[in-house]
Amino acid sequence: MTIHSGLGPGLLERIYEFRLAHELSKRGLEVRRPVAVPLRFDGPMFEEGYRIDLLVKEPVVIEIKALESILPVHRFPTQICRRACLRR
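Quick caveat: nothing in here was measured; it's all calculated off a predicted structure.

Is there a simple way to think about a nonpolar patch on the surface in this case?
Taken together, the side chains of L7, L11, L12 and I15 make up a nonpolar region of the molecular surface, amounting to roughly 300 Å² of accessible area. By the secondary structure assignment, L7 is in helix α1 (residues 2–7).

It is not clear to me how the pattern of salt bridges should be interpreted in this structure. Could you clarify?
Within this structure, the stated rule accounts for six salt bridges. R19 is the partner of E23 in a salt bridge, and the nearest nitrogen-oxygen pair spans 2.8 Å. With a gap of four residues between them, E23 and R19 both fall in helix α2 (residues 13–26), about one helical turn apart. A salt bridge links R51 to D53, with the nearest nitrogen and oxygen atoms 3.1 Å apart. Taken together, the shared-partner salt bridges connect E17, R33, R51 and D53 into one network.

How do you make sense of the sheet that holds strand β5 (residues 60–62) when you look at a structure like this?
Within a sheet, neighbouring strands are paired by backbone hydrogen bonds and run either parallel or antiparallel to one another. Here three strands make up an open sheet; going across it, the order is β1-β4-β5 and the pairing antiparallel. In this open sheet, the two strands that pair with only one neighbour each are β1 (31–32) and β5. Summarising the sheet, β1 and strand β4 (residues 54–56) pair through two bridges and their orientation is antiparallel. Of the residues in β4, the one forming a bridge with R32 is L55.

What counts as what
Residue positions within a chain follow its written sequence, with the count starting from 1. A pLDDT threshold of at least 70 governs which residues receive local features in this predicted model, and a stricter bar of 80 or more applies before side-chain atom pairs are shown or counted, although totals over entire chains, interfaces and linings include all residues. Values reported for side chains reflect all heavy atoms of the structure, with hydrogen atoms and water molecules removed beforehand. Patch criteria: residues need more than 30% relative accessible area and no salt bridge. Like-charged residues are merged within 9 Å; nonpolar side chains of Val, Leu, Ile, Met, Phe, Trp and Tyr are merged within 5 Å. Per-residue and other accessible areas follow the Shrake-Rupley method at a 1.4 Å probe size, with only the shown protein chains counted as cover for residues. Salt bridges are defined as contacts in which a side-chain nitrogen from Lys or Arg sits within 4 Å of a carboxyl oxygen from Asp or Glu. Only DSSP runs of H or I covering at least 4 residues are called helices, and only runs of E covering at least 2 are called strands; the numbering of each starts at the N terminus. Any two strands with at least two DSSP-identified bridges between them are counted as paired.

What follows is the structure, encoded as structure tokens:
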């Protein structure tokens, strides 16, 4: 919330993403952004099937949303990513 409060509302998600990655890095955490997650469907592999906004210390995935409210549809991509990551 500090990042959002400092920057204010209405900016693109990638701006909040960059700022959060910077803050986490300052605290000594390893942060990668963005990270492509391959997805397989009916045989062929789609190398960039999903894009993780921030990957922190490998097991922690952060999905950035610049929205007024989170709806169930916004949680769906994270669930897909979790399943794809578990199959690796």
